[in-house]
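Tertiary structure, described
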Amino acid sequence: MKKGKEKRISGSNQGFSLVEIIIVIAIMAILTGIVAVAVVPYLEKTREVRDLKELDNICRGLALSVANAGAQMGGGSGSFEAAEVTADKTDPVIKGVYEQIGDCSGVRLASSAGKSCKIMCQYDIFTNNVKVYADKGGVVPRCTYLKDSKGEAAELKVLATGANNASG
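Residues numbered from 1 in each chain as written. Predicted model: local features only at pLDDT ≥ 70, side-chain atom pairs only at ≥ 80, totals over all residues. Heavy atoms only, no water.

Looking now at the overall build of the protein. Secondary structure summary: the protein contains 3 helices and 5 strands in total. Out of the 168 residues in the protein, the part that is buried amounts to 32%. Across the protein, contacts joining residues at least 24 apart in sequence account for 55% of those joining residues at least 6 apart. (Helix = DSSP H or I, 4+ residues; strand = E, 2+ residues; numbered from the N terminus. Buried < 20%, exposed > 50% of the residue type's maximum accessible area, 1.4 Å probe, protein only. Contact = heavy atoms within 4.5 Å.)

Take a look at the structure:
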């Protein structure tokens, strides 16, 4: 009887050796690295798409507000930061944007191009033209987004150099 127990105990080779575990961990690390390299660019693209949707939403609200305020004001133009769009504003255009899309004071861009930029809004009631863009100080913008009320294509791009992005 003792022989059988000894045989079972000494013949037990269950489990993995340290070398086998290290090899599996190394293979997993290599695969994780490959997947990460393939996925990271798409994460930034997703952030840019989210930023574009946010800016497009503000642009639509501004376009509707300008159309409505134009009849009341008889014309005019101006610009403001999207963070100013709150319930307590009396300016007809800003108030109209608030009524269309709500409070914009907490809106932040998430992409690397727009992260540290302010969201600026420009309007001209005479031409019924609106622009919403991301601006970093107005001198050398890190990103720009332009879309007018006529439905031009939305674009978020990083500028290597350039002047004020409000033009165009």
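For the rest of this paragraph, the subject is the pattern of salt bridges. For the coordinates displayed, the defined rule picks out 3 salt bridges. A salt bridge links Lys45 to Glu48; the shortest N-O distance between them is 4.0 Å. Residue Lys45 and its partner Glu48 are located together in helix α2 (residues 18-73), separated by 3 residues, close to a single helical turn. Overall, the relative accessible area of 18% leaves Glu48 in the buried class. Here Arg60 ties to Asp56 by a salt bridge, and the two come within 3.0 Å at their closest N and O atoms. With Arg60 and Asp56 both in helix α2, this residue pair falls 4 residues apart, about one helical turn. (Salt bridge = Lys/Arg side-chain N within 4 Å of Asp/Glu carboxyl O.)

Further remarks concern a nonpolar patch on the surface. A cluster of nonpolar residues, Val19, Ile23, Ile27, Ile30, Leu31 and Ile34, forms a patch on the protein surface that exposes about 590 Å² of accessible area. Looking at the secondary structure, you find Ile27 in helix α2. (Patch = residues over 30% accessible without salt bridge, like charges linked within 9 Å, V, L, I, M, F, W, Y side chains within 5 Å. Areas by Shrake-Rupley, 256 points an atom, 1.4 Å probe, with all protein chains shown as cover.)

This next bit is on the sheet that holds strand β3 (residues 129-135). Ordered by their spatial adjacency, 3 strands build an open sheet running β1-β2-β3, and the pairing between neighbours is antiparallel. The open sheet has two free edges, formed respectively by β1 (77-81) and β3, since each of these has just one partner strand. The mean inter-strand angle of the sheet, taken between neighbouring strand axes irrespective of direction, is 15°. The sheet contact formed by strand β2 (residues 118-124) and β3 spans 7 bridges and is antiparallel. (Pairing = 2+ DSSP bridges. Axes fitted to C-alpha atoms, helices over the stretch in contact; angles between N-to-C directions.)

Most of β3 sits out of view: 6 of its 7 residues are buried. Connecting β2 to the next strand, β3, in antiparallel fashion are 4 residues, including Asn128 with a positive phi near 55°.

Let us now look at the packing of aromatic side chains. Throughout the structure, instances matching the rule amount to 1 aromatic pair. Arranged with centres 6.2 Å apart and planes meeting at 55°, the rings of Phe80 and Tyr123 form a pair that is tilted. You can see Phe80 sitting in strand β1 and its partner Tyr123 sitting in strand β2, a full 43 residues away along the chain. (Phe/Tyr/Trp six-rings, centres within 6.5 Å; stacked < 30°, edge-to-face > 60°.)

The pairing of β1 with β2 spans 5 bridges and is antiparallel. By the bridge assignment, Glu81 is partnered in β2 with Met120.

Residues spaced three or four apart along an α-helix face the same direction, because each turn holds 3.6 residues. By the burial criterion, the buried members of helix α3 (residues 92-101) are Val93, Ile94, Gly96 and Val97. Viewed along the axis of α3, the buried residues span an arc of 160°, placing them on a single side of the element. One side-chain oxygen at the N-terminal end of α3 lies 2.9 Å from the backbone nitrogen of Val93; it belongs to Asp91. Looking one or two residues beyond α3, the residue adopting positive phi is Gly102, at roughly 95°. (Arc of directions from axis to C-beta. Polar contact = N/O pair within 3.5 Å; in protein donor to acceptor, adjacent residues only side chain to side chain.)

Looking now at the nonpolar core. A general trend in soluble globular proteins is that nonpolar side chains are found buried together. Counting residues in hydrophobic clusters, the biggest one holds 24 residues, and the most contacted among them are Ile58, Leu62, Phe80, Val93, Ile119, Tyr123 and Val132. Counting residues per element, the ones that place at least two in this core are α2, α3, β2 and β3. Counting residues per element, this core draws most heavily on α2, at 7 residues. (Core = buried A, V, L, I, M, F, W, Y, C linked by side-chain atoms within 4.5 Å.)

The next point concerns the environment of Ser105. Within the secondary structure, Ser105 is located in the loop between α3 and β2. Assessed through its relative accessible area of 29%, Ser105 is described here as partly exposed. The sequence separation of Ser105 and Thr86 amounts to 19 residues, and the corresponding C-alpha distance is 6.6 Å. Every residue in contact with Ser105, bar those within four places of it in the chain, is listed here: Ala82, Ala83, Val85 and Thr86. At a separation of 2.6 Å, a polar atom in the side chain of Ser105 contacts the side chain of Asp103.

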